[in-house]
Amino acid sequence: MSVLTSRPALRWIVPTAATVVLIGGGAAVGRFAAEAEPSLPPRSAAQLLVDLQTSRLEGLSGTVVQRADLGLPPLVATVAERREDLTALVAGTHTMRVWYSGPDKARIAFKDTLGERDVIRNGADLWVWNSKKNEAFHRTLPADAGQRPDAGTELPVTPAEAADRALAAIDPSTEVSVGRSATVAGRDAYELVLKPRDTASLVDQVRIALDAKEHVPLRFELFADEGDAPAIEVAFTQVDFSRPDADQFTFNPPPGVKVNEEKSTGTRPERPTAPGKPDGAKDRDATVVGEGWAAVLVARTGAPTGGPAGQDAPARQPEGSEAAAGLDLLNQLPKVSGPWGSGRLFSGTIFSVLLTDDGRVLAGLVTPERLYEVARG
């Protein structure tokens, strides 16, 4: 079940829950200010799912706030906030403006202490602008580029994208129900509740507030087994469903901005070949074990985490660099071992990551025990 089948361009406007939970953030999270519960006609969970699938969105503009509290060490948040690309969204609280006016017209603007960063899709033109670096990148998209250009991030930024990922996990292991009605961004909304039945999942439930008229997700909340506040929350604080002015999708580089023209091959590129593999070979070093909420991503990096029994990583990087911070984090992770081997465990309230000494990485919204089981298999 896909929320965005009829409007796939929203995928790149909106922030992959999987990526968010694997990188993490450290800000305190609380639910957005609650308003009086509106009185709405009854709708079943099946009806709400149909509403999502059949809705047609002509235009949208608004303000989105994203918050995350994944129970991670402070060092992780520090590393994330040093980054100037869009992965910085996983740390703290972030506000962004979004505009949508059809399958090939969309824009997202991030404004924070790092300045303004915009990603703009206007027909075949894709622009990425960084005000702090006074630099812009332009690419002419090929005819078969589809409606979700690669903007350099797979992070969920708006409720629709996060909801899409959660609904993709619906299977017999998911209990689907209707929660309380709500008011989000001044609009009445139904609440769809997804609850995993699989005890291996660390997710307690997902709540999606669905606009009562437009049937568009207005708020996405993911709750861990422990804690009353959402571990991840993405919500509109202001939204307008009229079509934005065409000028919102026209980017004119400010004076003095360095414009980098990126070459287009004319066709959609294949997935890059892994280093050291013959030309045309597919990268099969990553696979998914299991389905739904208990799915585990398994990848082989080829880089062991340390010596026997998970000794500290010996190669030191320049002090203060991202690589050095990463090694510091790795060496702080607890050592674990079992019939599957040995390694280090990186975990938060809704995810676990196992880095084995033989160069494997296993990750999922699951308990460590589930990772150990997959690693042994």
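Above this text is the structure in question.
Residues numbered from 1 in each chain as written. Predicted model: local features only at pLDDT ≥ 70, side-chain atom pairs only at ≥ 80, totals over all residues. Heavy atoms only, no water.

**Looking at the overall build of the protein**
Here is step 1 of the chain: Secondary structure assignment for the protein yields six helices and 19 strands.
Here is step 2 of the chain: Expressed as a percentage of the 377 residues in the protein, the buried residues total 49%.
Here is step 3 of the chain: Counting every atom, the protein has about 17700 Å² of accessible surface; 52% of that belongs to carbon and sulfur. (Helix = DSSP H or I, 4+ residues; strand = E, 2+ residues; numbered from the N terminus. Buried < 20%, exposed > 50% of the residue type's maximum accessible area, 1.4 Å probe, protein only. Areas by Shrake-Rupley, 256 points an atom, 1.4 Å probe, with all protein chains shown as cover.)

**Some thoughts on the nonpolar core**
Here is step 1 of the chain: Counting 52 residues, the largest nonpolar core has Leu192, Val206 and Phe220 as its most contacted members.
Here is step 2 of the chain: If you tally residues by element for this core, the top one is strand β10 (residues 203–211), at five residues.
Here is step 3 of the chain: Setting aside residues no more than four positions away along its own chain, Val206 makes contact with Ala166, Leu192, Val193, Leu194, Phe220, Glu221, Leu222 and Trp293.
Here is step 4 of the chain: Within the second largest apolar cluster, 14 residues are counted, among which are Ala200, Ala294, Val298 and Val374. (Core = buried A, V, L, I, M, F, W, Y, C linked by side-chain atoms within 4.5 Å. Contact = heavy atoms within 4.5 Å.)

**Details of the sheet that holds strand β18 (residues 352–356)**
Here is step 1 of the chain: Overall, antiparallel pairing links the six strands, which are arranged β14-β15-β19-β18-β17-β16 in an open sheet. On the outer flanks of this sheet lie β14 (286–289) and β16 (335–338), each paired with one strand and no other. Adjacent strand axes in the sheet meet at a mean angle of 25°, parallel and antiparallel pairs treated alike.
Here is step 2 of the chain: Bridge count between β14 and strand β15 (residues 296–300): four bridges; the pairing is antiparallel. (Pairing = 2+ DSSP bridges. Axes fitted to C-alpha atoms, helices over the stretch in contact; angles between N-to-C directions.)

**So, the packing of aromatic side chains**
Here is step 1 of the chain: Tallied over the entire structure, the rule returns four aromatic pairs.
Here is step 2 of the chain: With a centroid separation of 5.5 Å and an interplanar angle of 75°, the aromatic rings of Phe346 and Phe351 are classed as edge-to-face. Each member of the pair, Phe346 as well as Phe351, carries the same accessibility label: buried.
Here is step 3 of the chain: Site record: aromatic cluster; members linked through ring pairs are Trp127, Trp129 and Phe251.
Here is step 4 of the chain: Seen from the ring of Trp99, Arg107 lies directly overhead, with NZ or CZ sitting 4.7 Å from the centre. (Phe/Tyr/Trp six-rings, centres within 6.5 Å; stacked < 30°, edge-to-face > 60°. Lys NZ or Arg CZ within 6 Å of the ring centre and 35° of its normal.)

**Quick word on unusual backbone geometry**
Here is step 1 of the chain: Positive phi values are uncommon outside glycine, yet Asn134 reaches one of about 50°.
Here is step 2 of the chain: What makes Asn134 partly exposed here is its relative accessible area of 33%.
Here is step 3 of the chain: Non-glycine residue Ala185 carries a positive phi angle of around 55°.
Here is step 4 of the chain: A residue is classified by how much of its surface remains accessible, and Ala185, at 23% relative accessible area, is partly exposed.

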